[in-house]
Amino acid sequence: GENVEQHPSTLSVQEGDSAVIKCTYSDSASNYFPWYKQELGKGPQLIIDIRSNVGEKKDQRIAVTLNKTAKHFSLHITETQPEDSAVYFCAAPRPQGAQKLVFGQGTRLTINP
Amino acid sequence: GAGVSQSPSNKVTEKGKDVELRCDPISGHTALYWYRQSLGQGLEFLIYFQGNSAPDKSGLPSDRFSAERTGGSVSTLTIQRTQQEDSAVYLCASSLVVRGGGNTQYFGPGTRLTVL
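Counting restarts for each chain, with residues numbered from 1 along the sequence as it is written. Lettering for chains starts from A, numbering for ligands starts from 1, and both go in the order in which the items are written. For a predicted model such as this one, the threshold for reporting local features is a pLDDT of at least 70, and the threshold for listing and counting side-chain atom pairs is 80 or more; totals across whole chains, interfaces and linings nevertheless cover every residue. Side-chain metrics in this entry use all non-hydrogen atoms of the structure; hydrogen atoms and water are not considered.

Q: Help me understand the overall build of chain B in this model?
A: In DSSP terms, a helix is any run of H or I states spanning at least four residues, a strand is any run of E spanning at least two, and both are numbered starting from the N terminus. Summing up its helical and strand segments, chain B has 0 helices and 10 strands in all. Each helix and strand of chain B, placed in order from N terminus to C terminus, yields the pattern β-β-β-β-β-β-β-β-β-β. A compact globule built from 116 residues should have a C-alpha radius of gyration of about 13 Å, and chain B, at 14 Å, falls within 12% of that. In terms of principal-axis extent, the alpha carbons of chain B reach across some 45 × 30 × 25 Å. Per-residue accessibility, obtained with a 1.4 Å probe over protein chains only, is compared with the maximum for each type, and a residue is labelled buried under 20%, exposed over 50%, and partly exposed between these values. Taken over 116 residues, chain B has a buried fraction of 47%. Contacts are residue-level and defined by heavy atoms, with any inter-residue pair within 4.5 Å sufficient. Restricting the contact set of chain B to residue pairs at least 6 apart, pairs at least 24 apart contribute 56%. Carbon and sulfur atoms provide 46% of the accessible area of chain B, an area that totals close to 5,600 Å². For the purpose of charge, His is not counted, nor are the chain termini; Lys and Arg are scored as positive and Asp and Glu as negative. The location of each charge is read from NZ of Lys, CZ of Arg, CG of Asp or CD of Glu. With 11 positive and 10 negative side-chain charges, chain B shows a spacing of 3 Å between the two charge centroids. Within these notes, the globule rule equals 2.2 Å times the number of residues to the 0.38 power, and the radius of gyration is based on C-alpha atoms. Using a 1.4 Å probe, the Shrake-Rupley method yields the accessible areas, and only the shown protein chains count as cover for residues.

Written out as structure tokens, the structure reads:
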């Protein structure tokens, strides 16, 4: 089945700097890669996603890049702000059921003022 | 509009008791998922409902866990004879079904279950 590895598990950056979180996946047929943000005491919320027919997608300070050959995708947050502090999860579809997702283990991002 | 809601938000129970957790998905979403999140961990898939199809129960950890979805809407996750290792946050998500996959899942706030 699909295996999703996420790194790093924790990340601390100075406010205003950039943060990058990387994920690798195993199934070359995977075609959809969402990123979720989970704040303390809340459920995960989708912040950006990318499909396999594009290599990069941006939404203001957030961007996701996809390298299908290497089977990895990354989340980039620029000009980080304290409210970016949260746990971030990447995901990829399960091969036997494209409607189901396999999630990475999460990255705890801390923005230091 | 209303998002996914879950109740209760917190549940404390004694070992050996049964518990029921409820999920109200977004209206019109035909797919519903249950996940378990242990402290500081990722999301562990439990069960998936899609329309009138038989549910995918491949993630349920034991036969003490079961779930129902009535009328294609509200779902209940039941844990019988709870054990301390069942303590976790139980998350529900719903989505539309996109042909070929790639559906966005919308999560509820979760139910924090503590088994004493």
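Once the structure has been displayed, the description carries forward.
Q: Looking at this model, I keep getting lost on the pattern of salt bridges. Mind explaining?
A: Side-chain pairs of opposite charge can arise whenever the charged atoms involved come near each other. Residues and elements named next belong to chain A. Just to be clear on terms, a salt bridge is a Lys or Arg side-chain nitrogen sitting within 4 Å of an Asp or Glu carboxyl oxygen. Taken as a whole, this structure holds 9 salt bridges over all chains when the rule is applied. A salt bridge links Lys-57 to Asp-49; its shortest N-O distance comes to 3.0 Å. In this structure, Asp-84 and Arg-61 form a salt bridge, with 2.9 Å as the shortest nitrogen-oxygen distance. Of the two residues, Asp-84 is situated in the loop between β8 (72–77) and β9 (86–94) and Arg-61 in the loop between β6 (56–59) and β7 (62–67); the sequence distance between them amounts to 23 residues.

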